[in-house]
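Below, each chain spelled out in residue letters.
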Amino acid sequence: MEYYISDKMRDMKPSAIREIFKSLSDPEIISFAAGNPSPLSFPVAELAKISADIYENEPVNALQYSITEGYPPLRKEVEKRLSEKFGICDERDMTIITSGGQQGIELACKALCNEGDVVLCEDPTFIGGLNAFRSCGAKTVGVPVEDDGINPDVLDKMLSEIPNVRLIYLIPTFQNPGGITTSFEKRKKIYETAVRHGVMILEDNPYGELRFKGENIPTLKSMDTEGIVLYSSSFSKILSSGMRLGYLCGPEPVVQKMVVAKQAEDVHSNIYFQMLTYRYITEYDLDGHIAKINELYRKKCSLMLGTLDEYMPKEVKYTRPEGGLFIWVTLPEKIHMLTYVKRCLENKVAVVPGNTFLCDTEGSINAVRINYSTPSDEEIVTGCKVMAKVAREMLGE
């Protein structure tokens, strides 16, 4: 039978990252391709203790249906934390618990965009966000990323010239895939530009608390006096990625529509994990736990950068992030990126091709993304040496 595929899905491609995972069954392969938190970051003993107590004393609440907006005690705790730590989520806003930060992105697009509407995105950007927008029938148009974020003047020009822009999608802090952070000056101008054009911003901030160097920069949401910013984040990188819990805070009229959309998708996010997360936040020191994660990632990032500095040819450039999970490696013209990715994999090191993250599905960029949170220290050193060896060979050294 010849199957009819919907227009929304016909041109969508599988995530290259998820496809690369399929090749990682070989235990000898060192993966720099994942975006996973380190397994050393999971508070296993504490979660096991809470879990046992929930099943002994609250089994019905943990196993029964719940409300779409999210477990009320967790929502309240999230709102309190956002207010106290980030100065966001006031009386005009509403918070919804989502099935990972990914769902928050998709629900925002579903609530705000018609088919054919445009979402302006950093270019390159998170492939999960791009696929979420495309699955809703929205068009993704890229705004080039500079060393300190997108250029507000370029954004202004694009908003003036491109019709039907409904949303600006940004990862301002430790951006995926580049690891770069948008400067405070640019954040202010980006926000002012969006206000002037009457376009909403979706601020995706799953990595914001993973800072191990430098000073915190205020979120776009903390600047929001006009109710145009949706703030999405996640527990995936600070507690457990497998729980699939995220949250979104934004203007109540928009979030209420997201609630309706979520009811049609999954009714509500996993209530047991919501209870587990609430108990961990209120009974243990989440900030202390995050501080330990950041120290772990500081060491891993330093080891990866130090090894690259020692072995990688000088023609190869890479970002030096102050937090998050990723380093963006830009290759010289003489090195063909897809060939480089293939040869690294042949040498048992997996990296992500840069064109995976482009708004234009047919575009190309001579860069790859690598990750330091998942591999062991030994794997970091060995893998970086392999990357450098392949680069030197392709440069004819």
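What counts, and at which threshold
- Residues numbered from 1 in each chain as written.
- Predicted model: local features only at pLDDT ≥ 70, side-chain atom pairs only at ≥ 80, totals over all residues.
- Heavy atoms only, no water.
- Helix = DSSP H or I, 4+ residues; strand = E, 2+ residues; numbered from the N terminus.
- Rg over C-alpha atoms; globule rule 2.2 N^0.38 Å.
- Buried < 20%, exposed > 50% of the residue type's maximum accessible area, 1.4 Å probe, protein only.
- Contact = heavy atoms within 4.5 Å.
- Pairing = 2+ DSSP bridges.
- Axes fitted to C-alpha atoms, helices over the stretch in contact; angles between N-to-C directions.
- Salt bridge = Lys/Arg side-chain N within 4 Å of Asp/Glu carboxyl O.
- Core = buried A, V, L, I, M, F, W, Y, C linked by side-chain atoms within 4.5 Å.
- Expected span 1.5 Å × (residues − 1).

Let us look at the overall build of the protein. Along the backbone of the protein there are 14 helices and 14 strands. For a compact globule of 397 residues, the expected C-alpha radius of gyration is about 21 Å, and the protein comes in at 21 Å, within 12% of that figure. Once the C-alpha set of the protein is aligned to its principal axes, its extents read approximately 60 × 60 × 55 Å. Within the protein, the proportion of its 397 residues that are buried is 54%. If you take every contact in the protein between residues at least 6 apart in sequence, the share linking residues at least 24 apart comes to 77%.

Here we come to the sheet that holds strand S4 (residues 139-146). Across the sheet, 8 strands lie side by side as S2-S9-S8-S7-S6-S3-S4-S5; this open sheet has mixed pairing. Where the open sheet ends on each side, the last strands, each with one partner, are strand S2 (93-98) and strand S5 (149-150). Bridge analysis of strand S3 (residues 118-123) against strand S6 (residues 165-170) gives 4 bridges, and the strand direction is parallel. Of the residues in S6, the one forming a bridge with Val118 is Val165.

Glancing now at the sheet that holds strand S10 (residues 317-318). Read across the open sheet, the 4 strands follow the order S10-S11-S14-S13; overall the sheet is antiparallel. Both edges of this open sheet fall to S10 and strand S13 (352-353), since each of them pairs with a single strand only. Of the strand pairs in this sheet, S10 and strand S11 (residues 326-330) are connected by 2 bridges, and their pairing is antiparallel. Within S11, the residue paired with Tyr318 across the bridge is Val329. Along the sheet, helix H13 (residues 337-346) makes contact with S13 and strand S14 (367-371), crossing S14 at roughly 35°.

When S3 meets S4, the two strands line up parallel, connected through 6 bridges. Residue pairing for S4: Asp123 is matched across the bridge by Pro144. Pairing between S4 and S5: 2 bridges, direction antiparallel. Residue Glu146 lies in a different strand from S5, and its bridge partner there is Gly149.

This next bit is on the pattern of salt bridges. Across all of its chains, the model carries 24 salt bridges by this definition. Glu322 is the salt-bridge partner of Arg211, the closest N and O atoms lying 2.9 Å from each other. Linking Arg211 in the loop between strand S7 (200-204) and strand S8 (229-234) with Glu322 in the loop between S10 and S11, this pair joins segments that are 111 residues apart in sequence. We classify Glu322 as partly exposed; its relative accessible area is 33%.

Before going further, it helps to examine the nonpolar core. Ranked by size, the top nonpolar core spans 101 residues in total, and within it Phe133, Tyr340 and Met387 carry the most contacts. Setting aside anything within four residues of it in sequence, one finds Phe133 in contact with Ile105, Cys109, Val119, Cys121, Ala138, Thr140, Leu167, Tyr169 and Leu202. Counting residues in hydrophobic clusters, the runner-up holds 19 residues, among them Met158, Val165, Ala194 and Val199.

Attention now goes to the environment of Ile67. Note on placement: Ile67 falls in the loop between helix H4 (59-63) and helix H5 (72-86). As a C-alpha pair, Ile67 and Pro353 span 286 residues in sequence and 40 Å in three-dimensional space. Not counting chain neighbours up to four residues away, the residues in contact with Ile67 comprise Pro72 and His268.

Moving on: H5. With 15 residues, H5 extends 21 Å between its outermost C-alpha atoms, agreeing within 8% with the 21 Å of an ideal straight helix rising 1.5 Å per residue. Looking at the residues trailing H5, positive phi occurs at Gly87, about 65°.

Attention shifts here to unusual backbone geometry. Following Asp123, the chain continues into Pro124 via a peptide bond in cis, with omega recorded as 10°. For Pro124, the location among the structural elements is in the loop between S3 and helix H7 (127-135). Residue Asn176 is joined to Pro177 through a cis peptide bond whose omega torsion reads 25°. As for its placement among the helices and strands, Pro177 is situated in the loop between S6 and helix H9 (184-197). Notably, Asn164 is not glycine yet its phi reads approximately 60°, a positive angle. Position of Asn164 relative to the elements: it lies in the loop between helix H8 (152-161) and S6. Relative accessible area serves as the criterion here: at 42%, Asn164 is assigned to the partly exposed category.

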